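Each chain, letter by letter, is given below.
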Amino acid sequence: MSGVNKVILIGNLGKDPEVKHLDTGVSVANFSLATTETYNNKQGERVSQTEWHNIVLWRGLADIAEKYLKKGNSVYVEGKINTRKWEDKEGNTRYSTDIIAEKMTMLGSRNDSNSSASTITAPNNTNNNEDQSNNSQNINESSNSDDLPF
């Protein structure tokens, strides 16, 4: 039996995306995403708890992030958890847990309630062929029209 590695997050960017363009032409974007849970504690006081997530976007998703995402923007992210092991300058073993995004929906910033949402899906393949990745990218945009199809 195989396992499932699926993450769904809705939150706000803690910083502008940092985008790098590799020698192969592939883009990678990194940013932090804050998710906040609010609940009442035993004393009846309202408490907010914020978790920070490291988000990694590749190829077309990284290009979209570079163009449109800014600190404070609200996004929906679907992806998988990936833990990396590395050594710091002192030789200590470190671990970093990232969310590798496979789908992203821009929900608009907290200050812009008139923004439409755009969903971007990463291609299913993992090769570095940029043309194939761009052709596979699926972008669906919803409009703010009052005309409903039903």
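This one's a predicted model, so the numbers in the text were calculated from it and none came from an experiment.

Conventions we followed
Residues numbered from 1 in each chain as written. Predicted model: local features only at pLDDT ≥ 70, side-chain atom pairs only at ≥ 80, totals over all residues. Heavy atoms only, no water. Helix = DSSP H or I, 4+ residues; strand = E, 2+ residues; numbered from the N terminus. Buried < 20%, exposed > 50% of the residue type's maximum accessible area, 1.4 Å probe, protein only. Contact = heavy atoms within 4.5 Å. Areas by Shrake-Rupley, 256 points an atom, 1.4 Å probe, with all protein chains shown as cover. pLDDT = per-residue confidence, 0-100. Pairing = 2+ DSSP bridges. Polar contact = N/O pair within 3.5 Å; in protein donor to acceptor, adjacent residues only side chain to side chain. Core = buried A, V, L, I, M, F, W, Y, C linked by side-chain atoms within 4.5 Å. Salt bridge = Lys/Arg side-chain N within 4 Å of Asp/Glu carboxyl O.

### Describing the overall build of the chain
At step 1: Looking only at helices and strands, the chain has two helices and eight strands in total.
At step 2: Traced from its N-terminal end to its C-terminal end, the chain shows the element sequence β-β-β-β-α-β-β-β-α-β.
At step 3: Across the 150 residues of the chain, 33% fall into the buried class.
At step 4: Taking as baseline every contact in the chain between residues at least 6 positions apart, the subset at least 24 positions apart corresponds to 53%.
At step 5: With an accessible surface of roughly 10,400 Å², the chain has 44% of that area assigned to carbon and sulfur atoms.

### Digging into the confidence of the model for the chain
At step 1: Residues with a pLDDT of 70 or more make up 71% of the chain, whose mean pLDDT is 81.
At step 2: Segment residues 125-146 is flagged for pLDDT under 50; beyond a separation of four residues in sequence, or across chains, it makes 34 contacts in the model.

### Considerations on the side chain of S32
At step 1: Relative to the elements of secondary structure, S32 occurs in strand β3 (residues 27-40).
At step 2: For S32, a relative accessible area of 13% translates into the label buried.
At step 3: For S32, the contacting residues outside a window of four places in its chain are N12, L13, G14, K15, W52 and H53.

### Some points on the pairing of strand β2 (residues 18-21)
At step 1: Note: β2 against β3, four bridges, orientation antiparallel. Bridge pairing links V19 to A29 in β3.
At step 2: Connecting the antiparallel pair β2 and β3 is a turn made up of five residues, with G25 showing a positive phi of about 95°.

### Comments concerning the side chain of H53
At step 1: Relative to the assigned elements, H53 resides in strand β4 (residues 46-58).
At step 2: The exposure class of H53 is buried, given its relative accessible area of 18%.
At step 3: In this structure the side chain of H53 is engaged in a polar contact, spanning 2.8 Å, whose partner is the side chain of T35.
At step 4: If near-sequence neighbours (up to four positions away) are discounted, H53 is found in contact with L9, F31, S32, L33, T35 and I99.

### Digging into the environment of G25
At step 1: Along the chain, G25 turns up in the loop between β2 and β3.
At step 2: When its relative accessible area of 30% is taken as the criterion, G25 is described as partly exposed.

### Observations concerning the nonpolar core
At step 1: One finds F31, L33, I55, L57, L69, V77 and M104 to be the most contacted residues of the largest nonpolar core, which totals 19 residues.
At step 2: For this core, the elements supplying multiple residues, two or more each, are β1 (7-13), β3, β4, α1 (59-68), β5 (73-87) and β6 (93-109).
At step 3: Non-local contacts of I55, meaning those with residues more than four positions away in its chain, are made with L9, A29, N30, F31, L33, V77, I99 and A101.

### Let's talk about unusual backbone geometry
At step 1: For R59, which is not glycine, the phi dihedral falls at a positive 50°.
At step 2: With respect to the element layout, R59 can be found in helix α1.
At step 3: What makes R59 buried here is its relative accessible area of 14%.

### Considerations on the pattern of salt bridges
As a working rule, side chains carrying opposite charge can pair if their charged atoms are close by.
At step 1: Within this structure, the stated rule accounts for five salt bridges.
At step 2: A salt bridge links K15 to E18, with the shortest nitrogen-to-oxygen separation between them at 3.2 Å.
At step 3: Notably, a salt bridge pairs R84 with D98, separated by 2.7 Å at the nearest N-O pair. With R84 in strand β5 and D98 in strand β6, the pair connects residues that are 14 residues apart, well separated along the chain.
At step 4: On the basis of relative accessible area, R84 is assigned to the partly exposed category, the value being 39%.
At step 5: The exposure class assigned to D98 is buried, which follows from its relative accessible area of 5%.

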